[in-house]
Amino acid sequence: MIPSVIPADFSGVPKLTELASREFLAGLPKAELHMHLDGALSPAMMFALGQRNQVSLPYSSVEEIEAAYQFTNLQSFLDLLYQGASVLKREQDFYDLTRDYFLKCKADNVLHTELSFDPQSHTERGIPFATVINGILRAMDDAKKDWGISSKLVMDFLRHLSADSAMKTLEESLPWKDKIIAVGLDSSELGHPPSKFTEVFARARAEGYRIVAHAGEEGPPSYIWEAIDLLKVERIDHGVRSDEDPKLMEYLRETQIPLTVCPLSNVRLCVFDKMADHNLFALMDAGLRVMINSDDPTYFGGYLNDNYFALADAFPLTREQALLLAHNSFTSSFISDAEKQEFIDQLKNYAKNFH
Ligand code: HPA
Ligand code: ZN
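Residues numbered from 1 in each chain as written. Chains lettered and ligands numbered in written order. Predicted model: local features only at pLDDT ≥ 70, side-chain atom pairs only at ≥ 80, totals over all residues. Heavy atoms only, no water.

## Re the environment of Asp 237
As for its position among the elements, Asp 237 is in strand S6 (residues 235-238). Overall, Asp 237 belongs to the buried group, its relative accessible area being 3%. For the pair formed by Asp 237 and Pro 258, sequence separation is 21 residues and the distance between their alpha carbons is 8.4 Å. Apart from the residues lying within four places of it in its own chain, the contact partners of Asp 237 are Leu 33, His 34, Val 212, Ala 213, His 214, Ala 215 and Thr 260. Of the polar contacts made by the side chain of Asp 237, one reaches the side chain of Thr 260; its length is 2.6 Å. (Helix = DSSP H or I, 4+ residues; strand = E, 2+ residues; numbered from the N terminus. Buried < 20%, exposed > 50% of the residue type's maximum accessible area, 1.4 Å probe, protein only. Contact = heavy atoms within 4.5 Å. Polar contact = N/O pair within 3.5 Å; in protein donor to acceptor, adjacent residues only side chain to side chain.)

## Thoughts on the layout of surface pockets
By volume, the largest pocket is sized at about 250 Å³. Lining the largest pocket are 13 residues; nearest its centre among them are Leu 137, Met 140, Asp 141, Ser 151 and Lys 179. Put simply, the parts of the chain that give the lining of the largest pocket at least two residues each are helix H7 (129-147) and strand S3 (150-158). In terms of residue class, the lining of the largest pocket is made up of 6 nonpolar, 2 polar and 5 charged. (1 Å grid on protein atoms, 1.4 Å probe; cavity = no way out; pocket = protein on both sides within 12 Å on 5 of 7 lines; lining within 4 Å. Points joined across faces, edges and corners; volume = space filled by probe spheres on them. Nonpolar A, V, L, I, M, F, W, Y, C, P; charged D, E, K, R; others polar.)

## Side note on empty space enclosed by the protein
For the structure shown, the criterion picks out 1 cavity of 30 Å³ or more. Computed from the structure, the largest cavity encloses a volume of approximately 100 Å³. In terms of lining residues, the largest cavity is bounded by 16 residues, among which His 36, Phe 77, Leu 78, His 214 and Asp 296 are the most central. Ranked by the residues each element gives to the lining of the largest cavity, the list is headed by helix H4 (residues 74-85), at 5 residues.

## Remarks on the packing of helix H10 (residues 221-231) against helix H11 (residues 246-255)
Each pair of packed helices can be summarised by the angle the axes make with each other and by the distance between the axes. Between H10 and H11, the shortest axis-to-axis distance is 10 Å and the interhelical angle comes to 35 degrees. In this structure, H10 crosses over H11, and the sense of that crossing is left-handed. Contacts between H10 and H11 pair Pro 221, Ile 224, Trp 225 and Ile 228 from the former with Lys 247, Leu 248, Tyr 251 and Leu 252 from the latter. Classifying every residue of the contact of H10 with H11 gives 7 nonpolar, no polar and 1 charged. (Axes fitted to C-alpha atoms, helices over the stretch in contact; angles between N-to-C directions. Left-handed = near helix turned anticlockwise from the far one by under 90°.)

## Here's the deal with the UniProt feature "active site" (unreviewed entry) in the protein chain
Residues annotated in UniProt with the feature "active site" (unreviewed entry) correspond here to Glu 217. In this fold, Glu 217 is placed in the loop between strand S5 (210-215) and H10. Those residues in contact with Glu 217 that lie beyond four places of it in its chain are Leu 74, Glu 189, His 238, Gly 239, Val 240, Arg 241, Ser 265, Leu 269, Val 271 and Asp 295. (UniProt positions renumbered as here; feature names shortened; annotations may be inferred.)

## Observations regarding the sheet that holds strand S4 (residues 182-186)
Strand order in the open sheet formed by 8 strands is S1-S2-S3-S4-S5-S6-S7-S8, with parallel pairing between adjacent strands. Among the strands making up the open sheet, the edge pair consists of strand S1 (30-36) and strand S8 (290-292). Shown here is a sheet whose adjacent strand axes are inclined to one another by a mean of 25 degrees, direction ignored. Summarising the sheet, S5 and S6 pair through 4 bridges and their orientation is parallel. Each residue of the ladder has a partner; that of Val 212, found in S6, is Arg 235. Packed on one face of the sheet, helix H8 (residues 163-173) meets S3 and S4 and runs near 150 degrees to S3. (Pairing = 2+ DSSP bridges.)

## A look at the coordination of the zinc ion (ligand 2)
Looking at the zinc ion (ligand 2), one finds its protein donor set to be His 34 (NE2), His 36 (NE2), His 214 (NE2) and Asp 295 (OD), positioned 2.0 to 2.2 Å from the metal centre. Each of the 4 donor atoms around the zinc ion (ligand 2) contributes to a set of angles spanning 83 to 175 degrees, which defines the coordination as irregular. (Donors = N, O, S within 2.8 Å, 3.2 Å for Na, K, Ca; no water. Tetrahedral: all angles 85-135°; square planar, octahedral: opposite > 155°, others 65-115°.)

Below, the structure written as C-alpha cells:
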C-alpha cells in the first residue's frame, strides 16, 4: 500500500519503502489538528480537581474512572466527557489541563498543535468564558516560551445545543477573536446536521474565523456535503464515512480538503470494529489529504504517537506513508506558508538523517 501522492520534498530520501519503526515514528516532527482539551483531562487530574473543587463524581478512585471508559458509540463517550469536564472551575484548572497536554506534545515531538475547546461545556454551568479561555491562552504562551511549541485555538460549538446558543457563544468570543483561529462543530452528530448552524457559521466567517466541522464520524456523507456547501469548511474533522459516496471522494481528492482522522478514537467508539478495519490507508491511497490525530487522548487510550504506533501494529506502515501523514499534518494546518515550509524542512532533514 504505497500512497499515490508523495510530496516532492521527500524525493531522494533514503529507505522510504522500509517499514517505519517505533523509533522513527516517535521522533517524527508532526502537528496535531484535532484534539479536544476536555478530552485531555487525565483520570488523576479529574479525581484531584473533583475533590479540590467539591464536584461530586460517581467514582471513588482513579482506577474506577479508568474502568468506566468502555464505550459503545459516540454518545456513550460524550456523557462521560461532559461529566468529567464539570470538575474544571478556575482559570488555573484550564491552565493545568492545557499545560499537561503540552507536556505530551513535547514528548511526542508535536511541533505545532491546533487545540479545540468547547466553551459551552463550561459556560452552561456558570463558568465565565474569560475564565476558560484565559487559562488556555496562558498555557499556550508558556508552551511557546518554554518548549518552542506553536499552537492555535479552535472554538467548537456543541451541536446538541441550539443554534441560538451557538450564536450567543460566537458573540461572547468576539473580544478574543484575534486569539481564535477557527470555529468548529462537535458533540452528538446524528440528528444534528451542519444545516442547523448555517447562519452561525455565516456570521463566524464574516467575523474572520476560519471554519472546520466534525462530519462523517457517525453521520452520513450528506452531513459532510452540508459542512462543505453550507458551512464552507476548510477541514473536516473525522470524515471517515466519505468512502460511502464516490462523488464525495472525487470532490475531496480534487479540492484536497483535509480530513483530520483519529484512529484510536474510531476504534474505541466502534466506528470500526478493530484497527485493521480502519480505512485511513484506503482514503490515503485514493489521494485524499489525511493525517492522524488523538481526538480525546485520555479517554481513547493514547496521545498522538500512540495513534501512529497503533496503526503500525495493524498495518505495514512504511516510512513513506508516515512522512506523508506528518507532511499532511503541517500542510493542513492554519499557519502561514512560510511556517509550514519551516516545519516541512525539519521533517525532510529528519528523514534524511535518521539511522
Ligand atoms: N466527536 C464529536 N464530539 C466530540 C468528539 C468527537 O470525536 N470528541 C469530543 N467531542
Ligand atoms: Zn473530535
